[in-house]
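This is what each chain is made of:
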Amino acid sequence: MLASSDALGAVLAASARLAVLGSWERFKICPAEGCLRAFFDRSRNRSRTWCSMQVCGNREKARNFRERTRALAVH
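Procedures and definitions
Residues numbered from 1 in each chain as written. Predicted model: local features only at pLDDT ≥ 70, side-chain atom pairs only at ≥ 80, totals over all residues. Heavy atoms only, no water. Patch = residues over 30% accessible without salt bridge, like charges linked within 9 Å, V, L, I, M, F, W, Y side chains within 5 Å. Areas by Shrake-Rupley, 256 points an atom, 1.4 Å probe, with all protein chains shown as cover. Salt bridge = Lys/Arg side-chain N within 4 Å of Asp/Glu carboxyl O. Helix = DSSP H or I, 4+ residues; strand = E, 2+ residues; numbered from the N terminus. Buried < 20%, exposed > 50% of the residue type's maximum accessible area, 1.4 Å probe, protein only. Disulfide = S-S within 2.5 Å.

Trainee: Sorry, what's going on with a nonpolar patch on the surface here?
Mentor: A cluster of nonpolar side chains, contributed by Trp-24, Phe-27 and Ile-29, occupies part of the molecular surface with about 300 Å² of accessible area. Its place among the elements puts Phe-27 in strand β1 (residues 27-29). Exposure remark for Phe-27: the relative accessible area of 36% places this residue in the partly exposed category.

Trainee: So what exactly am I meant to see when it comes to the state of the cysteines here?
Mentor: Throughout this description, disulfide means a covalent bond between two cysteine sulfur atoms. Going through the model one piece at a time under the given rule, you end up with zero disulfides. With no disulfide of its own, Cys-35 lies 3.7 Å from the sulfur of Cys-56, the closest cysteine sulfur. Judged by its relative accessible area of 9%, Cys-35 falls in the buried class.

Trainee: What is the right way to read unusual backbone geometry from this model?
Mentor: A negative phi angle characterises most non-glycine residues, just as the trans form characterises most peptide bonds. The phi dihedral of Arg-46 falls on the positive side, at around 60 degrees, and the residue is not glycine. Checked against the element boundaries, Arg-46 lands in the loop between β2 (38-40) and α2 (53-74). According to the relative accessible area criterion, Arg-46 is partly exposed, its value standing at 41%.

This is the structure:
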């Protein structure tokens, strides 16, 4: 088992473990504007998009809704 006492070593050890276990594709970076959090996608079909649906996902969906309703109001 890989272990480390510093943050960089811990990240590298976790990365190596993900690669060996074949779970690297489940490691993702949140695409939300201003969010750079990394997360491990535990969803069954690997479809999770945001680090947090309550924060980043909600913010993105609200922004898309406002843009759609604004576009409909113009027409």
